[in-house]
Amino acid sequence: MPDPLDDARDAIAFIDASPSPYHAVAEAVRRLLAAGFTEIDERDRWSPSVVGGRFLQRGGSLVAWIAREAAVPSSFRIVGAHTDSPNLRVKPQPDIGSAGWRQLGVEVYGGALLNSWLDRDLGLSGRVGVLGERGSEVRLFRDDRALLRIPQLAIHLDREVNHAGLKLNPQQHLTPTWGIGSPDQGGFARYLASQVDADESCIVSWDVMTHDRVGGSLAGVDDELVSSARIDDQLSCWAAVAALVAASAEGRDDGVLPVVALFDHEEVGSASASGAGGPVLSSALERVVRALGGDAEDLDRAVAGSWLVSTDGAHATHPNYPERHDPAHTVALNAGPVLKHNANERYATDASGAAWFEGVCRSAEVPVQHFVSRNDMPCGSTIGPIAATRLGVPTVDVGAPQLAMHSARELCGSADVRWLRLALSACLVG
Ligand code: ZN
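Residues numbered from 1 in each chain as written. Predicted model: local features only at pLDDT ≥ 70, side-chain atom pairs only at ≥ 80, totals over all residues. Heavy atoms only, no water.

### Section: the overall build of the protein chain
Going by this rule: Numbering goes from the N terminus for both helices and strands, where a helix is a DSSP run of H or I of at least four residues and a strand is a run of E of at least two. Under the scheme applied here, a residue whose accessible area is under 20% of the maximum for its type counts as buried, over 50% as exposed, and between as partly exposed, the area being computed with a 1.4 Å probe on protein chains only. Contact criterion: two residues are considered in contact whenever any of their non-hydrogen atoms come within 4.5 Å of each other. Note on areas: these come from Shrake-Rupley sampling with a 1.4 Å probe, and a residue is covered only by the protein chains present in the view. Asp and Glu are treated as the negative residues and Lys and Arg as the positive ones, with His and the ends of the chain left uncounted. To locate a charge, the coordinates of NZ of Lys, CZ of Arg, CG of Asp or CD of Glu are taken.
Assigned secondary structure in the protein chain consists of 10 helices and 20 strands. Taken along the three principal axes of its C-alpha coordinates, the protein chain extends 65 × 60 × 45 Å. Within the span of the protein chain, comprising 430 residues, buried residues form 52% of the whole. For the protein chain, contacts bridging at least 24 residues in sequence account for 77% of all contacts bridging at least 6. Summing over all exposed atoms, the protein chain offers an accessible surface of approximately 18700 Å²; the carbon and sulfur share of this is 50%. Seen as two clouds, the 37 positive and the 55 negative side-chain charges of the protein chain have centres 3 Å apart.

And the structure:
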């Protein structure tokens, strides 16, 4: 009898392994390889090698699928999620300082809750551009030491903060400490060189970001919660990969092709070569159909009969701010995945998609909740409407409920981790 918390523990392990989108893709790849999937390179000719469990990587994005036979698929069941989360990213010339401190210049990535990055011991991770004799390459790196800190101003020097609220200027007040002394020009590149085992003169660029060095954990008096960084949206990435691995173990063969797409850059609008607004998924679907002998007509027919489940964090009703939520749409933790609705298409869910998702979840005995935002508050968005516009695939927006979205540390329900995996598993074959 499996422990019902095993899913939560495994999701925490996935997120802990994924301080950056590139690491999230690497962890997804590690799990797919262990399940027998093999990589396909976008630069190669695909025909006829798309059969089986396959995946491609593009930067912080990944597309994986299971083609069980060398026949044109009748439709796709696609689960989408995003690998990126708001954080702080190191600038190109970051070696700065003030008042006898060495500091690193950072940019804010996405809609971060800035206060959540204060007084937290921060590690660094990402990828480093290395220029060698045979051209350029990127190398992953991760350093979990307490390298950085953004110390909050002491209350004695900011007596009004608890009344007036904390105001942070992102240029002025978010620069982390990195050490003591005067700014060491080139010091950051030298540090990276030691991290990726390269000569300092070869370090020419980086996509490096901060992470909370404290890993995720079960939380709450009865372990009914998960406390972790990047629940939005690496929890969905974990569930999508777990669902695809489970689907690969099933012998089902009805022409329906299960697909998982993990996108980068959702937090900054998805408009990039590896984002949901780019061609990475549409091109993969098209190439799979062509490699299996299909033509444009076959692709259009398959797309028309497909479903895309855009999976991203949903807002649970906050116990301290219930008035910020629509009173008729309370969303509870550990009560199942949330269908997200918005009449103005900030979410892609419509009656037809909602009915399909409800049906799939009902047959899998997974409960479903509904979110709609208050009319007097702006609604967030996600990859759903963007991917739907790009692909023309009928789409629903769903996600596990959580609190503290876009904080450096978020909170969700441990039972919802399992509900989400079961729901996505059902969707991939539904
Ligand atoms: Zn998200």
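### Overview of the nonpolar core
We apply this condition: Take the buried Ala, Val, Leu, Ile, Met, Phe, Trp, Tyr and Cys residues and link them wherever side-chain atoms come within 4.5 Å; each set so joined is a nonpolar core.
Counting 51 residues, the largest nonpolar core has Leu-62, Leu-235, Leu-262, Val-309 and Phe-357 as the members making the most contacts within it. Here the element with the most residues in this core is helix α5 (residues 231-248); it accounts for 11 residues. Contacts of Leu-262, omitting those with residues within four sequence positions, involve Ala-28, Gly-60, Ser-61, Leu-62, Ala-81, Thr-83, Cys-237, Ala-240 and Val-241.

### Focus on unusual backbone geometry
Residues other than glycine predominantly adopt negative phi, and peptide bonds predominantly adopt the trans conformation. Note that the residue after Asp-232, namely Asp-233, is joined by a cis bond; omega there is 10 degrees. Of note, the phi angle at His-265 is positive, near 70 degrees, even though the residue is not glycine. By the secondary structure assignment, His-265 is in the loop between β13 (256-263) and α6 (280-291). Although it is not a glycine, Ala-404 sits at a positive phi angle of roughly 65 degrees. Along the chain, Ala-404 turns up in the loop between β19 (401-403) and β20 (410-413).

### Quick word on the environment of His-315
Inspection of the secondary structure puts His-315 in strand β15 (residues 314-315). Relative accessible area serves as the criterion here: at 33%, His-315 is assigned to the partly exposed category. C-alpha of His-315 to C-alpha of Gly-60: the two residues are 255 residues apart in sequence and 25 Å apart in space. With near-sequence residues (within four places) excluded, His-315 lies in contact with His-325, Val-331, Phe-371, Gln-402 and Met-405.

### Details of helix α9 (residues 383-391)
Along α9, the positions that sit buried rather than exposed are Ile-383, Gly-384, Pro-385, Ala-387 and Leu-391. Turning to α9, the residues buried within the fold contact β4 (75-82), β13, α6, α7 (296-304), β14 (307-311) and β18 (395-399). Following α9 by one or two positions, Gly-392 has its phi on the positive side, about 75 degrees.

### Some remarks on the coordination of the zinc ion
Threshold: With water omitted from the atoms examined, metal sites may look incomplete; donors here are N, O and S atoms no farther than 2.8 Å from the metal, or 3.2 Å in the case of Na, K and Ca. Between 85 and 135 degrees for all angles marks four donors as tetrahedral; over 155 degrees for opposite donors together with 65 to 115 for all other angles marks four donors as square planar and six as octahedral; every other arrangement is irregular.
Distances from the zinc ion to its protein donors, namely His-82 (NE2), Asp-232 (OD), Asp-312 (OD) and Asp-312 (OD), fall within the range 1.9 to 2.6 Å. Taken together, the four donor atoms coordinating the zinc ion span angles of 53 to 142 degrees at the metal, a pattern that classifies the geometry as irregular. Sequence spacing among the residues donating to the zinc ion works out to H-x149-D-x79-D. Residue His-82 is located in strand β4, and its partner Asp-232 is located in helix α5; the two are separated by 150 residues in the primary sequence. Assessed through its relative accessible area of 0%, His-82 is described here as buried. Since its relative accessible area comes to 2%, Asp-232 is described here as buried.

### Describing the sheet that holds strand β17 (residues 369-371)
Just so we agree on the cut-off: For two strands to count as paired, DSSP must find a minimum of two bridges between them. An axis is simply a line fitted to the C-alpha atoms; with a helix, the fit covers only the stretch in contact. Between two such axes, the angle follows the N-to-C directions and lies from 0 to 180 degrees.
Taking strand neighbours across the sheet as the criterion, the nine strands line up as β1-β2-β3-β13-β4-β14-β18-β16-β17 in an open arrangement whose pairing is mixed. Here the strands that pair on one side only, and so sit at the sheet edges, are β1 (38-39) and β17. Sheet topology places strand β3 (residues 61-67) next to β13; four bridges connect them, and they run antiparallel. Within the sheet, the bridge partner assigned to Trp-65 lies in β13 and is Val-259. Packed onto the sheet, helix α2 (residues 21-34) meets β2 (52-58), β3 and β13 and runs at close to 20 degrees relative to β3.

### Digging into the domain arrangement of the protein chain
Cut-off, in case you're wondering: Each domain's extent is set by a domain assignment, obtained either automatically or from a database. When two parts are brought into contact, each loses some accessible area as probed by a 1.4 Å sphere; the total of that loss over both is the buried area. We count a salt bridge whenever a side-chain nitrogen from Lys or Arg sits within 4 Å of a carboxyl oxygen from Asp or Glu.
Examined at the domain level, the protein chain breaks down into domain 1 (6-85 + 229-429) and domain 2 (87-212). Distance from the C-alpha centre of domain 1 to the C-alpha centre of domain 2: 31 Å. Each side of the interface is counted separately: domain 1 has 22 residues, and domain 2 has 20 residues. A buried area of about 1600 Å², summed over both sides, lies between domain 1 and domain 2, and 57% of it is on carbon and sulfur atoms. Inspection of the region where domain 1 meets domain 2 yields one salt bridge.

### Structural notes on the state of the cysteines
Here a disulfide denotes one covalent bond, and it connects the sulfur atoms of two cysteines. Just so we agree on the cut-off: The disulfide criterion used throughout: a pair of cysteine sulfur atoms within 2.5 Å.
Scanning the model with the defined rule gives zero disulfides in all. Not part of a disulfide, Cys-361 finds its nearest cysteine sulfur in Cys-427, a span of 5.6 Å. Exposure remark for Cys-361: the relative accessible area of 0% places this residue in the buried category.

### Some remarks on the pairing of strand β8 (residues 135-148)
Pairing analysis gives 10 bridges linking strand β7 (residues 122-132) to β8, with the strands arranged antiparallel. Counted as the bridge partner of Ser-125 is Arg-142 from β8.

### Topic: the pairing of strand β12 (residues 225-228)
Of the two faces of β12, the one holding Leu-225 and Ser-227 and the one holding Val-226 and Ser-228 are both buried throughout. Sheet analysis places strand β11 (residues 217-219) next to β12, joined by three bridges and oriented antiparallel. Each residue of the ladder has a partner; that of Leu-218, found in β12, is Val-226. Linkage of β11 to β12, two consecutive antiparallel strands, is achieved through a turn of five residues, within which Gly-220 is found at a positive phi near 90 degrees. Pairing of β12 with β20 involves four bridges; the strand directions are antiparallel. Bridged to Val-226 within β20 is Cys-412.

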